[in-house]
Amino acid sequence: QVQLVESGGGLVQAGGSLSLSCKANVRTVDFDEMAWYRQAPGQPRDLVASITSSDSTIYADSVKGRFTISRDNSKNTLYLQMTSLKPDDTAVYYCYGMAKQLTVWTYWGQGTQVTVSS
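Described in the following lines is the structure provided in the data block. (Residues numbered from 1 in each chain as written. Predicted model: local features only at pLDDT ≥ 70, side-chain atom pairs only at ≥ 80, totals over all residues. Heavy atoms only, no water.)

Applying the stated criterion to the full structure yields 1 disulfide. A sulfur-sulfur separation of 2.0 Å characterises the disulfide bridge that pairs Cys22 with Cys95. Because the torsion about its S-S bond is -80°, the bridge between Cys22 and Cys95 counts as left-handed. Here Cys22 is found in strand β3 (residues 18-24), whereas its partner Cys95 is found in strand β9 (residues 91-100), with 73 residues between them in sequence. With respect to burial, Cys22 and Cys95 carry one shared label: buried. (Disulfide = S-S within 2.5 Å. Helix = DSSP H or I, 4+ residues; strand = E, 2+ residues; numbered from the N terminus. Buried < 20%, exposed > 50% of the residue type's maximum accessible area, 1.4 Å probe, protein only.)

Here we take up the environment of Arg66. You can see Arg66 is positioned in the loop between β6 (57-59) and β7 (67-72). Measuring from C-alpha to C-alpha, the distance between Arg66 and Gly42 comes to 24 Å, with 24 residues separating the pair along the chain. Contacts of Arg66, omitting those with residues within four sequence positions, involve Gln81, Met82, Thr83, Ser84, Leu85, Lys86 and Asp89. At 3.0 Å, the side chain of Arg66 and the backbone oxygen of Ser84 are in polar contact. (Contact = heavy atoms within 4.5 Å. Polar contact = N/O pair within 3.5 Å; in protein donor to acceptor, adjacent residues only side chain to side chain.)

Below is the structure:
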């Protein structure tokens, strides 16, 4: 029943900016961790950035200083603000949520395509 829906992907020129959103149909405050992953064709799905319920953040070295992950619990939405985009940032970006109950539950969005042209 949990759904994560990404939006905001598109085509942007190198050096440009783009903001992604992930809307949840449950309270984002109930997630112990939320994150953005990305996957380019022929590549594994890699962590881009994560944020915990206590607002601790982790960024991949490749995006550190350029991307910012944030969460608005009043809107049940996760965000990824991307600046100084590079062609290597081209990928499908996925929203991720993890909740600890009796066991660990993980959820994935369907992904949104980000294409950065040179």
